[in-house]
Amino acid sequence: MSAAATSIVLRAYAELVDFLDAPEVELPIGGPRSVKDLVEAAGIPHPEVGLLLVDGRRVGFDHLLTGGERVAAYPPFHGLDPVGGLWPSPPEPRRFVLDVHLGTLTRRLRLLGFDAWYRTDADDALLADVAVGQERILLTRDRGLLMRRTITHGYCPRSQDPDEQAVEVARRYSLAPRRAPLTRCVRCNGLLHRAHAAQVWDELEPGTRAAFDRFSRCGGCGQVYWPGSHLDAVEGFLTRIEAMTSPRGAPPPGTGPVHH
Ligand SMILES: [Zn+2]
């Protein structure tokens, strides 16, 4: 597809195709507009974009389009192509803020040991403030929220299934080598500390007292954990993550022209 002088052609790669009806679309352009404006008008939130080529040349979001251009949009390839991308590396250690619809994904991430900010009463403005102010990766299926100007690191889980969402996020942000299961409270995001059986004895059922001798307590809410309380679920979940976090999609492009 070639673009008329009054339009541009946008080609999306890898998982960015999920936002469009087809991998390649033609978009009318009324006058000079930034490439960011055009990409978002097509439905792709800017934090999902890691690299933009216009007629084969790398450009920034502010690059002005006037008509007739071909635009190629790629997702970030963290760890593979850090130079020349549109964003700095994601925050280290990885930390997240999730919207109110992603409570189960929040608990999955905490199970893996990741700092995941979540509140059931958080509105869009607060979520954006937390993402920016605390340098957290924003996870939401609300594209409009991801399109907020201040957001840099963000991802829209494609699946509605929390386990698959966790795999998507693990793949996007290379979480597998960074995980630390059972170090964080799934209820409140607090860090867990080792506790002696005597310290938690009064809070345990008799069956638990008999079966386990290693315990931990949340430094935030006081919840007591032991291997049987979450470990089985975590192990099964980790196995799925390991099996599903192989790279997906196209390899990162070079700096040369894109051929079609
Ligand atoms: Zn807690």
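Criteria and thresholds
- Residues numbered from 1 in each chain as written.
- Predicted model: local features only at pLDDT ≥ 70, side-chain atom pairs only at ≥ 80, totals over all residues.
- Buried ≥ 20, exposed ≤ 12 C-beta atoms within 10 Å, placed from the backbone.
- Helix = DSSP H or I, 4+ residues; strand = E, 2+ residues; numbered from the N terminus.
- Pairing = 2+ DSSP bridges.
- pLDDT = per-residue confidence, 0-100.
- Contact = placed C-beta atoms within 7 Å.
- Core = buried A, V, L, I, M, F, W, Y, C linked by C-beta atoms within 7 Å.

**Concerning helix H2 (residues 103-111)**
Thinking step 1. Where burial is concerned, most of H2 is hidden: seven out of the nine residues are buried.
Thinking step 2. For H2, the set of buried residues is Leu-105, Thr-106, Arg-107, Arg-108, Leu-109, Arg-110 and Leu-111.
Thinking step 3. Within two residues after H2, Gly-113 carries a phi angle of roughly 100°, on the positive side.

**What about helix H5 (residues 162-172)?**
Thinking step 1. Along H5, the residues classified as buried are Gln-165, Ala-166, Val-167, Glu-168, Val-169, Ala-170 and Arg-172.
Thinking step 2. Following H5 by one or two positions, Ser-174 has its phi on the positive side, about 50°.

**What to know about the sheet that holds strand S11 (residues 154-155)**
Strands pair in a sheet through their backbones, by hydrogen bonds, and they do so in one of two ways: parallel or antiparallel.
Thinking step 1. Strands sit in the order S9-S8-S10-S11 across an open sheet of four strands; the sheet is parallel. Of all the strands in the sheet, just strand S9 (115-117) and S11 have a single pairing partner and so form its edges.
Thinking step 2. For strand S10 (residues 137-139) and S11, the ladder comprises two bridges, and the chain directions are parallel. Following the sheet pairing, Leu-138 is matched in S11 by Gly-154.

**Section: the pairing of strand S8 (residues 95-98)**
Thinking step 1. Bridge count between S8 and S9: three bridges; the pairing is parallel. Looking at the pairing, Phe-96 lines up with Ala-116 of S9.

**With respect to the sheet that holds strand S5 (residues 57-58)**
Thinking step 1. With mixed pairing, five strands are arranged side by side in an open sheet as S2-S1-S7-S4-S5. Looking along the sheet, the strands with just one partner apiece sit at the ends: strand S2 (24-28) and S5.

**Brief notes about the confidence of the model for the protein chain**
Thinking step 1. Of all residues in the protein chain, 86% attain a pLDDT of 70 or more, and the chain-wide mean is 87.
Thinking step 2. Taken as a whole, residues 246-260 scores under 50 in pLDDT and shows 17 contacts with residues more than four places along the chain or in a different chain.

**As for unusual backbone geometry**
Thinking step 1. In this model, Glu-92 is joined to Pro-93 through a cis peptide bond whose omega is -5°.
Thinking step 2. Positive phi, normally seen in glycine, also occurs at Asp-55, with a value near 50°.
Thinking step 3. Inspection of the secondary structure puts Asp-55 in the loop between strand S4 (51-54) and S5.
Thinking step 4. We note that Glu-135 has phi near 50°; this positive angle belongs to a residue other than glycine.
Thinking step 5. The topology assignment puts Glu-135 in the loop between helix H3 (124-133) and S10.

**Regarding the pairing of strand S7 (residues 70-74)**
Remark: a regular strand shows side chains that alternate across the two faces of the sheet.
Thinking step 1. Counted residue by residue, S7 has four buried out of five residues, so it is predominantly covered.
Thinking step 2. By the bridge criterion, four bridges tie S4 to S7 in an arrangement that is antiparallel. What sits directly across from Leu-51, in S7, is Tyr-74.

**Looking at the nonpolar core**
Thinking step 1. Residues Phe-96, Leu-98, Leu-109, Leu-138, Leu-139 and Val-169 are the most contacted members of the largest nonpolar core, which totals 31 residues.
Thinking step 2. For this core, the elements supplying multiple residues, two or more each, are S8, H2, H3, S10, helix H4 (143-146) and H5.
Thinking step 3. Excluding its chain neighbours within four sequence positions, the residues that come into contact with Leu-98 are Leu-105, Thr-106, Ala-116, Tyr-118 and Leu-139.

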